[in-house]
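# A closer look at the structure
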Amino acid sequence: MIDKGKLENLMKIKGEAKGVVFQTDGKYVLEKEGEEGFKKLEKRVKELGLPIDYRKGKALDLHPIGLRTISLLLIKDTFNWPDEEIRNMGYIAPTTSFIVKLLMKFFVSFMKFMTEVPRYWEKHYTIGELEVVKLDEKTKDAVLHLKGVKFHPLFCLYLEGYYERMYQFIVGKKGECRETKCMFKGDPYHEYVLKLKT
Amino acid sequence: MSLNSKRNNETKEEVSRLESYVKDFWQFLPLPVCYINPVNVILDIDKVFSRFSGYQPAEIIGEDLGKLFSSPEKVEEFKKEILEKETVLNRELVFLNKDKKEIPVSISAMQRKDEKANFIGYFFSLTDISESKKFQERLKKEIEKKTEDLKEKIDELERMNKIMIGRELKMVELKEKIQQLKK
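## What about the confidence of the model for chain B?
Across chain B, the average pLDDT comes to 90, with 99% of residues at or above 70. Among the prediction metrics, the complex's ipTM stands at 0.79, with pTM recorded as 0.80.

## Regarding the pairing of strand 3 (residues 87-96) of chain B
Residue and element names in this part refer to chain B. By the bridge criterion, eight bridges tie strand 3 to strand 4 (residues 102-113) in an arrangement that is antiparallel. Looking across to strand 4, one finds that threonine 87 is bridged to methionine 110. Linkage of strand 3 to strand 4, two consecutive antiparallel strands, is achieved through a turn of five residues, within which lysine 100 is found at a positive phi near 65 degrees.

## Considering unusual backbone geometry
In this structure, asparagine 80 of chain A is a non-glycine residue whose phi angle is positive, near 55 degrees. Mapping asparagine 80 of chain A onto the fold places it in the loop between helix 3 (66-79) and helix 4 (83-96). The phi dihedral of lysine 100 of chain B falls on the positive side, at around 65 degrees, and the residue is not glycine. Given 8 C-beta atoms within 10 Å, lysine 100 of chain B falls into the exposed group.

## Description of the interface of chain A and chain B
Opposite the 19 residues of chain A that make contact, chain B presents 21 residues. Listing elements by their share of the side of chain A that touches chain B, those giving two or more residues are helix 4, helix 5 (98-102) and helix 7 (153-171) of chain A. Looking at the side of chain A that touches chain B element by element, the count peaks at four residues for helix 7 of chain A. For the side of chain A that touches chain B, the class distribution of residues is ten nonpolar, five polar and four charged.

Calculation criteria
Residues numbered from 1 in each chain as written. Chains lettered and ligands numbered in written order. Predicted model: local features only at pLDDT ≥ 70, side-chain atom pairs only at ≥ 80, totals over all residues. pLDDT = per-residue confidence, 0-100. Pairing = 2+ DSSP bridges. Helix = DSSP H or I, 4+ residues; strand = E, 2+ residues; numbered from the N terminus. Buried ≥ 20, exposed ≤ 12 C-beta atoms within 10 Å, placed from the backbone. Contact = placed C-beta atoms within 7 Å. Nonpolar A, V, L, I, M, F, W, Y, C, P; charged D, E, K, R; others polar.

Encoded structure:
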């Protein structure tokens, strides 16, 4: 069960997230659980008095950033999903994201996208910083550091899936992403390592 | 409300209207359409494309376009062509749906460029030409059959002609013999 105190703490985090993240969450739930499951989630959101509109929310509207993690926790709790399902939700999100459509011009090549990575993060969240610290055009290896964001380990897992799919968009091949450093494990930032699948 | 915040709100409203327009437009399109990036990865599809191919967006977005055709090398040729031309119209290829059923299609594409005129991808549409292909096939078979019939008739006529000519020649020969006998 979701602890109300935990939700309140998450809501205290300063910063905002774009509505697109709730759109992609909603689409995934609808796909996996059907209309009935979707309504179940909406009912829980209403009961908790949360300002999330999965159905009609606009992609570029700003919401308190705590809702980003709350949405993931609520979905996991409502459907009793394993963590891996949340990772998959992140993996699927770029395929249905309106922001991806808006930023098609970023997805032209590995190098082009990697130089735009910080801006890509800013298009979704008003706090935190995503930067590329290693880049190899030949092997297509990349290492990303996410700083100033410590929401919940579930969000780290979601991002792992999300980056994996984004990586595939720009290399045109199967790739993998692993979080090798995490602020929840005492590291000063989150580190995501991206490479081609062997 | 400050001027800046008023402008921000106006921009947000405009973007919101644009979002709704884009969503409606993609839902309305009666043709299977997708958007491809320069590394040939599918980045967006419309609902008709999803129905036509049998793939859900999450299954096919992020995949290589070549996966959807029976001859990926022809897709490569097409890709080279779209890099050179702004628009490519009506090239015939064989599409492979999720069940691996082969469907003859006519494909067209239009380049997209960014504000600095760099190639950033292309829109790609398909038209199912199975029916017209079947019609063409039927027509071809009918023409072949008619040609065969005609050839038989011509052969028959030629045979008849030969017989007639032979008969004529025989008559001439006989007439000459009669003339000789009369003499």
